[in-house]
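Observations on chain architecture
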Amino acid sequence: GQNIDQPTEMTATEGAIVQINCTYQTSGFNGLFWYQQHAGEAPTFLSYNVLDGLEEKGRFSSFLSRSKGYSYLLLKELQMKDSASYLCAVKEYNFNKFYFGSGTKLNVKP
Amino acid sequence: ETGVTQTPRHLVMGMTNKKSLKCEQHLGHNAMYWYKQSAKKPLELMFVYSLEERVENNSVPSRFSPECPNSSHLFLHLHTLQPEDSALYLCASTLYRTEQIYGYTFGSGTRLTVV
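Scoring rules and cut-offs
Position numbers for residues count from 1 along each chain, tracking the sequence in the order it is written. As they are written, the chains are lettered A onward and the ligands numbered 1 onward, keeping that order. With pLDDT at 70 or above as the cut-off, local features in this predicted model cover only qualifying residues; side-chain atom pairs require 80 or more to be listed or tallied, and sums for whole chains, interfaces and linings still use all residues. Water and hydrogen atoms play no part in the side-chain values, which are based on all heavy atoms of the structure. For this analysis, residues touch if any pair of their heavy atoms sits within 4.5 Å. Note on definitions: buried area is the accessible-area loss of two parts on being combined, 1.4 Å probe, summed for both. Only one rule defines a salt bridge in this text: a Lys or Arg side-chain nitrogen within 4 Å of an Asp or Glu carboxyl oxygen. Definition of a polar contact: a pair of N or O atoms within 3.5 Å, with one able to donate and the other able to accept a hydrogen when the atoms are protein atoms, and with sequence-neighbouring residues admitted only if both atoms are side-chain atoms. We count a stretch as a helix when DSSP gives it H or I for four or more residues in a row; a strand needs E for two or more, and each element gets its number in order from the N terminus. For this scheme, ten residues count as nonpolar: Ala, Val, Leu, Ile, Met, Phe, Trp, Tyr, Cys and Pro. Four count as charged, namely Asp, Glu, Lys and Arg, and the remainder, Gly too, count as polar. Cysteine sulfur pairs qualify as disulfides if the two atoms are within 2.5 Å. Buried means the residue's accessible area, taken with a 1.4 Å probe over protein chains only, is under 20% of the maximum for its type, while exposed means over 50%, and partly exposed covers the values in between.

For the rest of this paragraph, the subject is the interface of chain B and chain A. Taken residue by residue, the interface counts 29 residues in chain B and 17 residues in chain A. Taken together, both faces of the contact between chain B and chain A bury some 1,800 Å²; the carbon and sulfur share is 61%. Where chain B meets chain A, there are zero salt bridges. The tally of links between chain B and chain A comes to four residue pairs in polar contact (both at pLDDT 80 or more). Only β4 (31–37), β5 (44–50), β6 (53–57), β9 (87–94) and α1 (99–102) of chain B provide two or more residues apiece to the side of chain B that touches chain A. Grouping the constituent residues of the side of chain B that touches chain A by class yields 15 nonpolar, nine polar and five charged.

Our focus in this paragraph is the state of the cysteines. Enumeration according to the criterion identifies two disulfides over all chains in this entry. One disulfide bridge connects A:C22 with A:C88, the sulfur atoms lying 2.0 Å from each other. Disulfide A:C22-A:C88: the torsion about the S-S bond is -70°, which places it as left-handed. A residue pair is termed long-range when its members are at least 10 positions apart, and A:C22 in strand β3 (residues 18–26) and A:C88 in strand β9 (residues 84–92) qualify at 66 residues. In this pair, the class of A:C22 matches that of A:C88, namely buried. Across the disulfide, B:C23 is cross-linked to B:C91 (sulfur-sulfur distance 1.9 Å). Sign of the S-S torsion, about -70° for the bond between B:C23 and B:C91, identifies this disulfide as left-handed. Of this pair, B:C23 sits in strand β3 (residues 18–25) while B:C91 sits in strand β9, placing them 68 residues apart in sequence. Taking relative accessible area as the criterion, B:C23 reaches 0% and is therefore assigned buried.

The following block contains the structure:
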């Protein structure tokens, strides 16, 4: 089975840095994904980690530690448009199955 | 637009109605999925189709019936639903073995309300 945990809600200030954590327990781990979902819109793909370490993509970075079952999404230079839910998803070896956490709602304030 | 189109965007139906949700993609993807998204709960995987064959049915009640007539279209047929089935239903697609580059592509969902 899968157990994916992330905080329900976070608040941060425009221009700051925020880290959203995700812990997971799963069999046959084959990658961890982060998605962004604005209210009323489709989730959109942000990042993918399958090896330990940090992947950087502009203002967004994602980190993975497979031994600890832990990942985080780091958002730098926060902008108001970053207010959204951030979904952590784990992929298993069996066919293209992704399991999602409940999502972290990020509120960016001026 | 993400390239995955879902219709209708909103649907209100009675418990005795029969309705269908439609999903369409022309991205050349070969796997399609139905997910259910309820408030404050994780996205729940419902069905997986690969090359038009159902490869996963995640213990979903029989009042939900999927159909994949070709690799570009996916339907979810609904009948005799319950109020607890009210949720956002998301369709997603991907090209097998490219998910690490592109992840899933999701549609915007159908907001279903059962009254």
